[in-house]
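Chain and residue survey
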Amino acid sequence: MDLSCLNGTSLHKGKIIPNYKCDLQDNIVAVVGGPNSHIWQYIANIMFNYKIPQLVYGSVPVVNHETEAAFMHQMFPKSDHQDKGLLKLLLHFRWTWVGVIYVLLDSGEWFVQNVLPTFTQEGICFAFIEVMPKEVYVSDLPEMVDLWIDLVKVLPECAERPMEPSVGLPWLQNTGKSVIANNFRFRNHNPEVHDASVAKCVIGEPAPIHFKYYQSGDLLIGGIISQIYMISDTTEFEGHPAQRLVDDFIYFMARWTYLASMELLSTKGRFIPNYKCDLQDNIVAVVGGPNSHIWQYIANIMFNYKIPQLVYGSIPVVNHETEAAFMHRMFPKSDHQDKGLLKLLLHFQWTWVGVIYVAIDSGEWFVQNVLPTFTQEGICFAFIEVMPKEVYMSDLPEMVDLWLDLFKVLIKSTATVVLLYGEIQSILFLRVFPSANAYEGTPSNTKGKVWIMPAQMDFIKIPIQSIFNEDFIHGTVSFAVPSREVKEFQKFLQIRKPALEKEDGFIKIFWEQAFDCFFPKSDKDSGARNPCSGEEKMETIPMSTFEMSITAHSYSVYNAVYAVAHALQSLHLSQIRYNSRAGGWRGKLQQVWQLHHYLRRVSFNNSVGDEISFDSKGEWVAGFDILNWITLSNQSFLRVKVGGIDPKAPTGKEFTIEEDAIVWPSVYNQSQPLSRCKPPCLPGYHKNKLEGEPFCCYECLPCPQGKFSDQNDMANCFPCAEDHYPNHNKDVCIPKVYSFLSYKEPLGIALTTVTLSFSFITALILRIFIKHQDTPIVKANNRSLTYALLISLLLCFLCALLFLGQPKAASCLLRQTAFGIIFSVAVSCVLAKTIIVVLAFMATKPGSRMRKWVGNKLATFIVLSCSSVQVIICTVWLATSPPFPDLDMHSVTGTIVEECNEGSTLMFYCVLGFLGLLSVISFTVAFLARKLPDSFNEAKFITFSMLVFCSVWLSFVPSYLSTKGKYMVAVEIFSILASGAGLLICIFAPKCFIIVLRPELNERGLLIRRKD
């Protein structure tokens, strides 16, 4: 760029000094530039810094900064007007097939990115959009020439595309062949066009809707239903859209629905969108269904005109509250059906369920929002599969493959119950399942499936399916909108004749399909086989083809029409009441939106007595019926009501079901089908989740010890109350029995007998010793200690009786303390006797000082001192933690053990420990004195007796700890009796033998035995 214009000196001297001017002459006040927009951007980059006005007389540059635009004045009309002019020019001549060549600059790219999309929205299509080769240096000229040649080759390729009629390619600038280019020339007002030849695809009238029913009137209630057996090929823009019908499959296309919706708003016989040239046949409401996704297309049109819409099929998912304001649902609230489905599954304990859903908004909503609530209630799913979507005929093989894949999932699944959440057309494909195994060559168990269907589904079929039987739906359980037979409805059907219906485009097609005949279209067809007479009787049609009784969907349409009629009547009466100036129905049509107010508040009883009303959200206030489908041998079927959902019923009684009225699939022989991943866990068992499996696939484990489960499929076992325990099967709790060692039971009787026997023997021995107290053998073994030992042994045997019987406070306080003190006295006497024997032999040595220790004083001291220690221990025990009666609930299963709680286990073992210490000392002393030379030396007998005593009490500790309940008491009694008997027998049996049986040995001369 030349900067001389900013440097006054340079004009004279030819010098350029950027950003410097040395004189005050030749000042620039404005700059006029053009015609290229990208050149002007470079100028603006400089002039903007000096805030010099810039006037652009060529194409308008793309300005990215508002500050730059402030100094720019465009001597060129607003480009938006030119863009709109281009569009109007193309539309005026119906040039809808256009090529575009643009220059690779900001303005060209802006045009392609921002303007051409608006052309597309208005119906303009582009054969090509090519960029113009950019100007280059001379060295790159050959490359630019190649690019231009490539661009030129595009033009004849476009011209050879098949179009009707074949035309040249008009330019907008020069005559001859050309395309629309971004560097077109428009004058300020009129475009310069030299060739007005038309280049377009043929756009005629839209493909007609073949099946219509029309009755004229001032006010019309429009209706749009899904054409369930019409399919079209994929629409191609190279030719006219296909109009042929195929009677085999279905496809619901948005364009057909939009066309039907707009045709309702047009003048009869003249389809002009958004235009109506007369005041007749005014649409006041539209009834539509049964498919939810089809209704969304209807709502997109009707919403703009605020026309009431009454949906009689499944409920669409409405994303905008404004759209919902004009929608009235002749279908109960779907929440009631969802809760009813859950209650049905739970009632029959069907916890392993398969789900097949249709891939539309309502189906996806059900899977994403409703099925998780089923899972929370214990329902899990064997599979959740989407139903293959209806396709064009060209894609039919692909759809068949998808259905076969779905069929394989179905037959391999162990789920007996399958929830088919589809639309009205979904049952067409369900009918194919029983025959799919023949195609695949695999065994099918679909006859054992129990199908559950929502209310939006119904029984339909297409002609090719007439060869299939209807056994596949036998035993099906479905929900349905409540309906009752309308009076004279069958008569209405019987009088319908093709010849009488001039404005019904559907009845002839129906007639041909239902009666398997055809209406001749020319004289040549009159002699063909099986022509339709038009007098056939509808009642002869099998029920599987056509039902003479009113269906739930028909009942909803019937109520919708009457709801609109009642709303119109209320509107008319309201206008009369307030003397409306509109006058007549035509005046009200200008305010048809007012009908919504009356529709929301409509409430009436129809001809069969059912109340029809809407809630605040426009939903029909009603519940659902639960139906059981029963097929008959004559290709007909019955729908038997076996229950229902009544939201108006008291809490807890909304769901009703009559199990005995349900007919199940024949393979079950009328026994209720089960649908579980695993057999139920019986009482006495609990569920244990398997790793990697759904929560309802589990194994059954027995309840652990002390716990029970009294119901099937318990997740956990529970402990019984403390005074109860589980039975052998662990399925019920039974009361525990109270247990203690009683005198009356065999063990108690045996122990009592042994106790009394040893007590009697001890007393007898004491009597013998007292009687023979002056004999040498009695006197030689310290007579007083012998008496004390016998008395203590007698008391030891008797104290065992304290352990028998029901524990009381007194017996608990005495049993252990008495046992400890008395046994301490007995062992102390044994210890004293042993020490006296040792001292006596030591005293016989000449000069021994031990004689003064031999006597009763020493024996008394030993006994009293040792016993006193035990008395002190027992006193501390009773003072700190005395024993008390207690109940042991847990040691023995099924038994409450009445026992004496020791209070302090430490003190109990202290008593036993001290007793053991005395025993060990006695055993040790006796063992050391066993070889003293005396014929009546008791040391040997004491050694053996203490060995028995220690052995008994050493074995007592593990035996006591390993037994429970009353047998602990028996172990202690046995230890008392065994140890006491050991002392009694080992010490006194030899003496009694001599005293009673060998009195000749009881002589003094035999007392001393000297060594040779």
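Residues numbered from 1 in each chain as written. Predicted model: local features only at pLDDT ≥ 70, side-chain atom pairs only at ≥ 80, totals over all residues. Heavy atoms only, no water.

Looking at the protein chain, the pLDDT average stands at 78 and 78% of residues meet or exceed 70. At the low end of the mean pLDDT range in the protein chain sits strand 6 (residues 180-181), at 32; at the high end sits strand 21 (residues 655-657), at 93. Below a pLDDT of 50 lies the segment residues 1-13, which in the model reaches 33 contacts outside its immediate sequence neighbourhood of four places, other chains included. Contacts from residues 242-251, a stretch scored under 50 in pLDDT, to residues over four places away or in other chains number 41 contacts. (pLDDT = per-residue confidence, 0-100. Helix = DSSP H or I, 4+ residues; strand = E, 2+ residues; numbered from the N terminus. Contact = heavy atoms within 4.5 Å.)

Taken in spatial order, the 3 strands of this open sheet run 28-30-29, and their pairing is mixed. Two strands lie at the open edges of the sheet, namely strand 28 (737-739) and strand 29 (884-888), each paired on one side alone. Here the average twist between neighbouring strands, direction ignored, is 30 degrees. Strand direction decides the pairing type here: strand 28 and strand 30 (residues 895-901), joined by 3 bridges, are parallel. Within strand 30, the position partnered with Val737 by the bridge is Thr895. (Pairing = 2+ DSSP bridges. Axes fitted to C-alpha atoms, helices over the stretch in contact; angles between N-to-C directions.)

Throughout the structure, instances matching the rule amount to 11 salt bridges. When the shortest N-O distance is used, the salt bridge between Lys212 and Glu263 registers 2.3 Å. A residue pair is termed long-range when its members are at least 10 positions apart, and Lys212 in the loop between strand 6 and strand 7 (219-225) and Glu263 in helix 7 (residues 254-264) qualify at 51 residues. Look at Lys212 and you get partly exposed, because its relative accessible area is 36%. Residues Arg639 and Glu547 are paired through a salt bridge, measuring 2.5 Å at the closest nitrogen-oxygen approach. Of the two residues, Arg639 sits in strand 20 (residues 637-645) while Glu547 sits in the loop between helix 16 (507-515) and helix 17 (552-577), which places them 92 residues apart along the sequence. By relative accessible area, Arg639 is classed as partly exposed at 26%. (Salt bridge = Lys/Arg side-chain N within 4 Å of Asp/Glu carboxyl O. Buried < 20%, exposed > 50% of the residue type's maximum accessible area, 1.4 Å probe, protein only.)

Turning our eyes to something else, we now look at unusual backbone geometry. Each neighbour pair has its own omega, and for Gly289 with Pro290 the value is -5 degrees, a cis peptide bond. A positive phi angle, close to 50 degrees, is found at Asn669, a residue other than glycine. By the element assignment, Asn669 lies in the loop between strand 21 and strand 22 (685-689). Positive phi outside glycine occurs at Asp713, with the angle close to 60 degrees. Looking at where Asp713 falls in the secondary structure, it is placed in the loop between strand 24 (707-708) and strand 25 (718-719).

What follows covers the environment of Asp338. Mapped onto the elements, Asp338 comes out in helix 10 (residues 334-347). Along the backbone, Asp338 and Phe374 are 36 residues apart, and their C-alpha atoms lie at a distance of 9.3 Å.

Attention shifts here to a negative patch on the surface. Side chains of Asp395, Glu398, Asp401 and Asp405 sit close together on the surface and give a patch of like negative charge. With respect to the element layout, Asp401 can be found in helix 12 (residues 396-412). For Asp401, a relative accessible area of 44% translates into the label partly exposed. (Patch = residues over 30% accessible without salt bridge, like charges linked within 9 Å, V, L, I, M, F, W, Y side chains within 5 Å. Areas by Shrake-Rupley, 256 points an atom, 1.4 Å probe, with all protein chains shown as cover. Lys, Arg positive; Asp, Glu negative; His and termini not counted. Charge placed at Lys NZ, Arg CZ, Asp CG, Glu CD.)

Residues Leu310, Phe374, Ile427 and Trp511 are the most contacted members of the largest nonpolar core, which totals 102 residues. Residue contributions to this core peak at 9 residues, all from helix 17. The next biggest cluster of nonpolar side chains, apart from the first, holds 68 residues, and it includes Ile765, Phe769, Ile822 and Phe949. (Core = buried A, V, L, I, M, F, W, Y, C linked by side-chain atoms within 4.5 Å.)

A word on helix 12. If you check helix 12, its first and last C-alpha atoms are 25 Å apart, about what 17 residues at 1.5 Å a residue would give, namely 24 Å. Along helix 12, the positions that sit buried rather than exposed are Leu396, Met399, Trp403, Leu404, Leu406, Phe407, Leu410 and Ile411. Buried residues in helix 12, looked at end-on, bunch into an arc of 165 degrees, giving them a common side. More than 90 degrees from the buried face of helix 12, the exposed residues found are Pro397, Glu398 and Lys412. (Expected span 1.5 Å × (residues − 1). Arc of directions from axis to C-beta.)

In the structure shown here, the tally under the stated rule is 7 disulfides. The disulfide partner of Cys380 is Cys696, and the S-S distance across this bridge is 1.4 Å. Across the S-S bond of Cys380 and Cys696 the torsion is about 70 degrees, and the bridge reads as right-handed. Placement of the pair is Cys380 in strand 12 (residues 380-387) and Cys696 in the loop between strand 22 and strand 23 (698-702), with a sequence separation of 316 residues. (Disulfide = S-S within 2.5 Å.)

What follows is about the packing of helix 20 (residues 746-771) against helix 27 (residues 966-997). Viewed as axis vectors pointing N to C, helix 20 and helix 27 meet at an angle of 25 degrees, and their least axial separation amounts to 10 Å. With respect to helix 27, the axis of helix 20 lies roughly parallel. In terms of crossing hand, the pair formed by helix 20 and helix 27 is left-handed. Judged by residue contacts, Leu747, Leu751, Val754, Thr755, Phe758, Ile761, Thr762, Ile765, Ile768 and Phe769 of helix 20 engage Tyr967, Ala970, Ile973, Leu977, Ala981, Leu984, Ile985, Phe988, Lys991, Cys992, Ile995 and Val996 from helix 27. Partitioned by chemical class, the residues of the contact of helix 20 with helix 27 number 19 nonpolar, 2 polar and 1 charged. (Parallel < 35°, antiparallel > 145°, perpendicular 65-115°, else oblique. Left-handed = near helix turned anticlockwise from the far one by under 90°. Nonpolar A, V, L, I, M, F, W, Y, C, P; charged D, E, K, R; others polar.)

Now for the side chain of Ser867. Topologically, Ser867 is positioned in helix 24 (residues 856-880). Once residues within four sequence positions are removed from consideration, Ser867 is found in contact with Ser824, Val825 and Ser828.

As a further point, take the packing of aromatic side chains. Under the defined criterion, the tally for this structure stands at 28 aromatic pairs. Judged by centre distance (6.2 Å) and plane angle (85 degrees), the rings of Phe366 and Phe374 are edge-to-face. Of the two residues, Phe366 and Phe374, both sit in the buried class. Judged by centre distance (3.9 Å) and plane angle (10 degrees), the rings of Phe366 and Tyr421 are stacked. Within this pair, whereas Phe366 is found in helix 11 (residues 361-376), its partner Tyr421 is found in strand 13 (residues 417-421), the two being separated by 55 residues in sequence. (Phe/Tyr/Trp six-rings, centres within 6.5 Å; stacked < 30°, edge-to-face > 60°.)

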